[in-house]
Amino acid sequence: MRFTIEQLDGRYIPDMVEIEKECFSAPWSYESFAQELVNRMAVYSVAVSDKRCVGYMGMHHIIDEGYITNIAVTNGARRHGVATALMEQMLTYARKSGLRMMSLEVRQSNQVAIDFYRKHGFEIVGFRKNYYTNPTEDGHIMTKILLNG
Ligand SMILES: CC(C)(COP(=O)(O)OP(=O)(O)OC[C@H]1O[C@@H](n2cnc3c(N)ncnc32)[C@H](O)[C@@H]1OP(=O)(O)O)[C@@H](O)C(=O)NCCC(=O)NCCS
């Protein structure tokens, strides 16, 4: 599958909302992504194939840390390295920007995502009780240290 990694552009938001609905029980809305477009802390990349967004990844850059807000790939485009390309792009941004740490939350039952993050050097460091709803579930906190000292 051929795809390119691009910066978030408003024209991709409708595709992103569809992917959210496909993937999550509490999907982000059009307005949530539109807010991210004007949020100066937000760093987003989208994967584009045949002029459609097939995946995206977002992070909030706060001082010297990055909080991953979401990463998702549409069903039909999975296992083609789309999320890997999005993560590599974000890690390049993080290193260039001098981020010391990246972190995220993930449902404890989401083994595919946990394996994906582990592959990219994230480790489980804690949990948040009942962090998720519908169904209620604890979240793992995963972090990756980029710079020590
Ligand atoms: C997690 C997700 C983003 C991975 O996207 P993807 O584009 O399919 O991932 P990649 O093709 O880059 O896969 C990279 C690696 O992740 C792991 N992985 C991805 N999908 C997997 C699966 N179904 N089973 C086991 N391992 C998997 C593998 O190690 C894979 O490497 P490999 O293909 O060489 O074996 C995708 O499954 C998804 O959108 N899931 C739903 C949304 C979600 O749960 N997001 C995370 C919220 S915290």
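My aim in this report is to walk through the structure given alongside it, one point at a time.

A few words on the pairing of strand β2 (residues 42–49). With eight of its eight residues buried, β2 lies for the most part within the structure. The pairing of strand β1 (residues 4–7) with β2 spans four bridges and is antiparallel. Bridge assignment links Ile5 to a residue of β2, and that residue is Ala47. Hairpin geometry of β2 and strand β3 (residues 52–62) is characterised by an intervening segment of two residues between the two adjacent antiparallel strands and by a positive phi of about 50 degrees at Asp50.

A word on the pattern of salt bridges. All told, the structure shown has seven salt bridges when counted by the stated rule. Here Arg52 makes a salt bridge to Asp15, at a shortest N to O gap of 2.9 Å. Residue Arg52 is located in strand β3, and its partner Asp15 is located in helix α1 (residues 13–23); the two are separated by 37 residues in the primary sequence. In this structure Arg52 comes out as partly exposed when scored by relative accessible area, which is 49%. For Glu18, the salt bridge identified is with Lys21, shortest N-O distance 3.4 Å. Taken as a pair, Glu18 and Lys21 lie in helix α1 at a separation of three residues, close to a single helical turn. Taking relative accessible area as the criterion, Glu18 reaches 44% and is therefore assigned partly exposed. Exposure remark for Lys21: the relative accessible area of 51% places this residue in the exposed category.

A separate point is the sheet that holds β3. Taken together, seven strands build an open sheet; the order of strands is β1-β2-β3-β4-β5-β7-β6 and the sheet is mixed. Each end of this open sheet is capped by a strand with a single partner; those strands are β1 and β6 (123–132). The average angle at which neighbouring strand axes cross in this sheet is 25 degrees, direction not considered. Pairing geometry for β2 and β3, over eight bridges, is antiparallel. Paired with Ser45 across the bridge in β3 is Met57. Strands β2, β3 and β4 (65–73) of the sheet are contacted by helix α2 (residues 30–38), whose axis makes an angle of about 115 degrees with β2. Contacts from helix α4 (residues 111–119) reach β4, β5 (101–107), β6 and β7 (137–145) within the one sheet, and its direction differs from that of β5 by about 165 degrees.

Let's shift gears to the packing of α1 against α2. Helix-helix packing: each pair is described by the crossing angle between the helix axes and the interaxial distance. The N-to-C vectors of α1 and α2 enclose an angle of 130 degrees; their axes lie 9 Å apart at closest approach. Put simply, α1 runs oblique to α2. Of the two possible hands of crossing, α1 and α2 adopt the one that is right-handed. Contact residues: α1 offers Ile13, Pro14, Met16, Val17 and Glu20, while α2 offers Tyr30, Phe33, Ala34 and Leu37. Residues that form the contact of α1 with α2 fall into these classes: eight nonpolar, no polar and one charged.

What counts and how
Counting of residues starts from 1 at the beginning of each chain's written sequence and follows it residue by residue. The predicted origin of the model limits local features to residues at a pLDDT of at least 70 and limits the giving and counting of side-chain atom pairs to 80 or more, whereas totals for whole chains, interfaces and linings rest on all residues. Side-chain measures here rest on the full set of heavy atoms in the structure, leaving out hydrogens and waters. In this scheme, a residue with accessible area under 20% of its type's maximum is buried, one over 50% is exposed, and one in between is partly exposed, where area comes from a 1.4 Å probe on protein chains only. Strands are runs of DSSP state E lasting at least two residues, helices are runs of H or I lasting at least four, and both sets are numbered from the N terminus onward. Note on pairing: two strands pair once DSSP finds at least 2 bridges between them. A carboxyl oxygen of Asp or Glu within 4 Å of a side-chain nitrogen of Lys or Arg is what we treat as a salt bridge. Axes here mean lines fitted to C-alpha atoms, for a helix over just the part in contact, with angles spanning 0 to 180 degrees between N-to-C directions. Contact criterion: two residues are considered in contact whenever any of their non-hydrogen atoms come within 4.5 Å of each other. Should an angle fall under 35 degrees it is called roughly parallel, over 145 degrees roughly antiparallel, and 65 to 115 degrees roughly perpendicular, with every other angle called oblique. When the near helix sits turned anticlockwise from the far one by under a right angle, the crossing is termed left-handed; a clockwise turn instead gives a right-handed crossing. Polar here means any residue outside two lists: the nonpolar Ala, Val, Leu, Ile, Met, Phe, Trp, Tyr, Cys and Pro, and the charged Asp, Glu, Lys and Arg; Gly therefore counts as polar.

Structural measurements only, silent on function.
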